[in-house]
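# Fold and geometry: a report
The lines below spell out each chain.
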Amino acid sequence: MKLPRRKFLKVGASSVALLAATGCDRMPRELRLLLSLQPKENGPFQPPAHESIDLLTHVLNRAAFGARPGDYEHFKKLGGTLTEAASAWFESQLDPDKIDDADAQYAVRRFETLNEPLGELFEYQEDLLQHELMRGTLARAVLSERQLYEVMVQFWSDHFNIDPSKGDCKWLKVADDREVIRKHALGKFPDLLRASALSPAMLWYLDGRVNRRENMAEKPNENYARELLELHTLGVHGGYSQKDVMEVARCLTGWTVRSRGQPPNFQIGKVEFNPAHHDFGAKEVLGQRIPATPATLPPEERDRLGQHELERILEIVTRHPSTAQHIGAKLCRHFIADEPPANAVSAVAAAFSRTSGDIPATLRALFATDEFREQRGSKFKRPFNFIVSALRATGARTDASLEIVDYLHRMGHAPFNYPTPEGYPDKAAPWMGTLLWRWNFAVALSENRIKGTQVDFESLRANAGGDNGLMAHLLGRKPTPQEAQAYHDSGAGLALMLASPAFQRC
Amino acid sequence: MADVQSFVTGNGDEQRTLVVVFLRGGADGLNMVAPLPDDGYHNARPRIAITKSKAVALDGFYGLNPLLKELEPLYRDGTLAIIHAAGSEDSTRSHFEAQDLMEHGGIIGGGWLARFLRAQSNAAAGPLAAVALGSAVPECLRGAPTATVFQSLDDFSLGDNRNRLTESLGRLYGLQPDDLGRAGRYTLDAVGRIDKLRNAKYHPANGAVYGADRFSNGLTQIARLIKARVGLQAASVDLGGWDSHFSQATVMDPLMLRLAKGLSAFCQDLGRELDRTTVVVMTEFGRRLEENSAFGTDHGRGSVMFVLGGGIQGGRVLGKWPGLTKDVLEGPGDLPVTTNYRNVLAPILERHGGAGTLGQTFPEFTFDPVRLFG
């Protein structure tokens, strides 16, 4: 593909700027950056040539949404060996801001609402917001060079799940996606958790906004407090009691968010602390005492101390060893296996604790485990992963249309559509009934029957070096004799490969 | 993991199907099932009330609108139960708010039917576990494990002349010894059943005659899926247009005919299969007691619900009738809700395997289930 001159200049300029900015880094890093900035060529490429999935393909399967045509050959150059290349690619992905992502950013610019400030979101029809949020998520997953970042965005969107169909979340989730999930997806867990705790959408979704105690007769709303402990931090068997849930709820009384219908309009979505609704009594959370705030203190001081209880709670729960264990286990389930291997969970949890929840450092530890490296081709792709990996593998041009989102609806995996706070399941079993729609999608995609999405089968096959090369590219390894036979017998080789058992896994 | 087979192929006795019919627009329960001896009713509706002479008497108190008379045999043989003064706690009288609240089961994310299906089994739901007729997933199915919007059976097929592709898929999935292989084989089986249906002209059983409208067509498709045993757990179909502010008869009469004809044909067509099927008919709110100057009625509160199907102890109008005197009317003069719709759905969900998960389906609700099943 020939680049338009303007874009070439932009890429050139940004790589120079990046080189200057990273001048103090190690040399290989600069090389990596330069390589990742090189434009993808729409020309012949070498697919993987091993009998089984090699480490680089494995990393692209799990830490990205699969390889595009040419990705494998391109990223192989990042190291002398496949192991070095896989490590170098993974390392570069941990610092997404340094990866040029102009194509994806250009593609999602059409979804204007994604950049609207919180207050402006209420000006839009909720359907439009939902559609742009879903389409934007899909487009970024397919197009972004920051693949691990997009994988983690999906991970945290499940971890801090919000179903936008509840109340004002219809508008507020757009801001939550941008200011909470995307802002901190590869940052620090305590920052992510704090942003989520104070997210207007989360205050709506888990009823924090109505958690108040004006007098002792009033019962605090425990919804957020419970999910904070059960889902967001310690985990259900993390060693907290019902009393802890109630005490956390008391600490968080008074935080609320301005709703629609509460004038003035320009303050809708604003998060506030109302000291009149806060319980200033003494509390004890997970064995740590939080003293009462004396009524004799000046109002500003009481206000400050009341607000500070939120910080104190988040500090207590993020430092709790169960949180490291819980997050470690979830990451290992996502990246390694449905039943996360205990050794890997320990290593990841230890890194999480050691670095106070630094997400890149935690992922680096995960990547280094033998368990991660050995468990290849065994995870059942969730429907979103299947659709995105199929679009990437075929090098499809796509506008991430609602027609594609509709396939995800049919499979019960449209972004931001999970009704309860635990997020979409991250195991194979609940998704086993989705094969019919995967096959339907494989057929529709390969026959160019999805409006706004095109696959150029002949040039894809030619660039991969023919049928065998195409199969190796799609499977990440040489096809078995049975797969090759089925490819030829089916009369619809591309659809067959995308619908095959092997492509359902990563 | 629950066996994929039970979802995909169904095993006859166990697989039950819940059909949710939503009458969008706020259907006037008082004009469908009238309290015949209640003077409050006749006084408030001097021009549009159903008179005693025209009504189909049900039980000495209530009478069915004559346009719903096709439902009478179902009431008489016990297939149909009616719940009057039913509805939700929403008092906004806004279509959107009231539908949203009812379909979500409260101010809560996701639909009640979706939560019911998710809670049924954290394992596999078949590809055809939940369907909605029309062009969009209704809010009650928002967040379901699978929810397929469809208009015809073609939507479930891999297309015509796919024998070579399906044979090749069959061979590759046949080589897989695990859950994925099993899921693949059962899915191919379901595709085969659907293709047989698609290619055959449908003849409703037992002399059933559906209407020629979209509602009847939707029920026909659902009946076919139920009979084909493809693992259908829940289906949703809408009948919209009940917002009868103006000239109530013009608006409601054709809809009542369609509703009665469709439901009656569906029950007849299913025959014995109705034993494992439940149909529930609901609407977001009823209408004002008093007719307005345009021979219509405005947004109100309580309405009726219909429940039809196997095991129902029908032939009864259930729910507490509050009377229509000024002191009991709510707000601007509306029939109050004496039976929350969740208390009608609860026993139905129990029959459909949701006994242990009602709290997940309708959180923060204290149940007082209507005794639909005796």
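Quantities reported herein were computed from a predicted structural model and do not represent experimental measurements.

The next subject is the overall build of chain B. What chain B contains, in helices and strands, is twelve helices and twelve strands. The C-alpha radius of gyration computed for chain B amounts to 21 Å, which stays within 12% of the reference 21 Å derived for 374 residues, consistent with globular compactness. For the C-alpha atoms alone, the extent of chain B along its principal axes is close to 75 × 45 × 35 Å. Put simply, chain B shows about 13,800 Å² of open surface, and 49% of that area lies on carbon and sulfur atoms. In chain B, which carries 38 positive and 41 negative side-chain charges, the distance between the mean positions of the two groups comes to 5 Å.

On to the sheet that holds strand 3 (residues 56-57) of chain B. All names here are of chain B. Taken together, three strands build an open sheet; the order of strands is 2-4-3 and the sheet is antiparallel. Whereas interior strands pair on both sides, the edge strands pair on one side only; in this sheet they are strand 2 (33-35) and strand 3. With three bridges joining them, strand 2 and strand 4 (residues 62-64) adopt antiparallel strand pairing. Within strand 4, the residue paired with Ala34 across the bridge is Gly63.

Right, let's get into the nonpolar core. The biggest cluster of nonpolar side chains holds 229 residues, and the ones touching the most others in it are Met152 and Trp156 of chain A together with Met32, Leu259 and Phe306 of chain B. With ten residues, the single largest contributor to this core is helix 10 (residues 248-270) of chain B. Residue assignment places this core across two domains, with domain 1 (321-374) and domain 2 (383-504) of chain A each supplying three or more. Setting aside residues no more than four positions away along its own chain, Met32 of chain B makes contact with Leu23, Ala27, Gly63, Leu64, Asn65, Leu68, Trp242, Met252, Met256, Leu259, Val304 and Phe306 of chain B. With 35 residues, the next largest nonpolar core counts Val20, Ala81, Ala114 and Val370 of chain B among its residues.

Our focus in this paragraph is the pairing of strand 6 (residues 130-133) of chain B. Each regular strand displays side chains that alternate between the two surfaces of the sheet. Residues and elements named next belong to chain B. The alternating pattern of strand 6 places Ala130 and Ala132 on one face and Val131 and Leu133 on the opposite face, and all of these are buried. Judged from the three bridges that link them, strand 6 and strand 8 (residues 234-240) form a sheet pairing that is parallel. If you follow Ala132 over to strand 8, its bridge partner there is Ser236. Judged from the three bridges that link them, strand 6 and strand 7 (residues 148-150) form a sheet pairing that is parallel. Paired with Val131 across the two strands is Thr148, which belongs to strand 7.

Residue and element names in this part refer to chain A. It is the contact of helix 9 (residues 147-159) with helix 10 (residues 169-184), at a shortest axis distance of 9 Å, that shows an interaxial angle of 120°. Overall, the two elements helix 9 and helix 10 adopt an arrangement that is oblique. When you trace helix 9 past helix 10, the crossing you get is right-handed. Of the residues in helix 10, those touching helix 9 at Tyr149, Glu150, Val153, Trp156 and Ser157 are Asp177, Ile181, Arg182 and Lys183. Taken together, the residues of the contact of helix 9 with helix 10 break down into four nonpolar, one polar and four charged.

All names here are of chain A. Across the interface, helix 13 (residues 223-232) lies against helix 14 (residues 242-251) with an axial gap of 8 Å and an inter-helix angle of 125°. Taken together, the axes of helix 13 and helix 14 are oblique relative to one another. Handedness of the crossing formed by helix 13 with helix 14: right-handed. In contact with Ala225, Arg226, Leu228 and Leu229 of helix 13, helix 14 contributes Gln242, Asp244, Val245, Val248 and Ala249. Each residue belonging to the contact of helix 13 with helix 14 can be placed in one class, and the counts come to six nonpolar, one polar and two charged.

With that out of the way, let us pick up helix 3 (residues 55-62) of chain A. Side chains three or four residues apart in an α-helix point the same way, a direct result of the helix having 3.6 residues per turn. Residues and elements named next belong to chain A. With eight of eight residues buried, helix 3 is to be regarded as a mostly interior element. Of all the residues in helix 3, the buried ones are Leu55, Leu56, Thr57, His58, Val59, Leu60, Asn61 and Arg62. The inward-facing, buried residues of helix 3 abut helix 4 (71-76), helix 5 (82-93), helix 9, helix 16 (321-335), helix 18 (359-368) and helix 19 (370-374). The distance from a side-chain oxygen at the start of helix 3 to the backbone nitrogen of Leu56 is 3.1 Å, and the residue carrying that oxygen is Asp54.

A few words now on the state of the cysteines. A full pass over the atoms with the stated rule returns zero disulfides over all chains. Free cysteine Cys506 of chain A: the closest other cysteine sulfur is in Cys332 of chain A, separated by 15 Å. With a relative accessible area of 6%, Cys506 of chain A lands in the buried category. Summary of cysteine pairing: Cys267 of chain B is not part of a disulfide, and the nearest cysteine sulfur, belonging to Cys140 of chain B, is at 19 Å.

Turning our eyes to something else, we now look at the domain arrangement of chain A. Partitioning chain A into domains gives domain 1 (321-374) and domain 2 (383-504). Distance between the C-alpha centres of domain 1 of chain A and domain 2 of chain A: 29 Å.

The next point concerns helix 5 (residues 95-104) of chain B. Most of helix 5 of chain B is tucked away: seven of the ten residues are buried. For helix 5 of chain B, the full list of buried residues reads Ala98, Gln99, Asp100, Leu101, Met102, Glu103 and His104 of chain B. The secondary structure elements touched by the buried residues of helix 5 of chain B are helix 10 of chain A together with strand 1 (17-24), strand 5 (80-87), helix 6 (112-120), strand 9 (277-283) and helix 11 (341-354) of chain B. Among the residues trailing helix 5 of chain B, Gly105 of chain B stands out with phi positive, at a value near 80°.

Below, the discussion takes up the pattern of salt bridges. All names here are of chain A. Considering all chains together, one arrives at 61 salt bridges over all chains under this definition. Across the pair Asp158 and Arg382 runs a salt bridge whose closest N-O atoms are separated by 2.8 Å. A residue pair is termed long-range when its members are at least 10 positions apart, and Asp158 in helix 9 and Arg382 in the loop between helix 19 and helix 20 (383-393) qualify at 224 residues. Of the two residues, Asp158 and Arg382, neither departs from the other in class, the shared state being buried. As a salt-bridge pair, Arg382 and Asp426 come within 3.8 Å of each other at their nearest N and O atoms.

Scoring rules and cut-offs
- Residues numbered from 1 in each chain as written.
- Chains lettered and ligands numbered in written order.
- Predicted model: local features only at pLDDT ≥ 70, side-chain atom pairs only at ≥ 80, totals over all residues.
- Heavy atoms only, no water.
- Helix = DSSP H or I, 4+ residues; strand = E, 2+ residues; numbered from the N terminus.
- Rg over C-alpha atoms; globule rule 2.2 N^0.38 Å.
- Areas by Shrake-Rupley, 256 points an atom, 1.4 Å probe, with all protein chains shown as cover.
- Lys, Arg positive; Asp, Glu negative; His and termini not counted.
- Charge placed at Lys NZ, Arg CZ, Asp CG, Glu CD.
- Pairing = 2+ DSSP bridges.
- Core = buried A, V, L, I, M, F, W, Y, C linked by side-chain atoms within 4.5 Å.
- Buried < 20%, exposed > 50% of the residue type's maximum accessible area, 1.4 Å probe, protein only.
- Domains from an automatic or database assignment.
- Contact = heavy atoms within 4.5 Å.
- Axes fitted to C-alpha atoms, helices over the stretch in contact; angles between N-to-C directions.
- Parallel < 35°, antiparallel > 145°, perpendicular 65-115°, else oblique.
- Left-handed = near helix turned anticlockwise from the far one by under 90°.
- Nonpolar A, V, L, I, M, F, W, Y, C, P; charged D, E, K, R; others polar.
- Polar contact = N/O pair within 3.5 Å; in protein donor to acceptor, adjacent residues only side chain to side chain.
- Disulfide = S-S within 2.5 Å.
- Salt bridge = Lys/Arg side-chain N within 4 Å of Asp/Glu carboxyl O.

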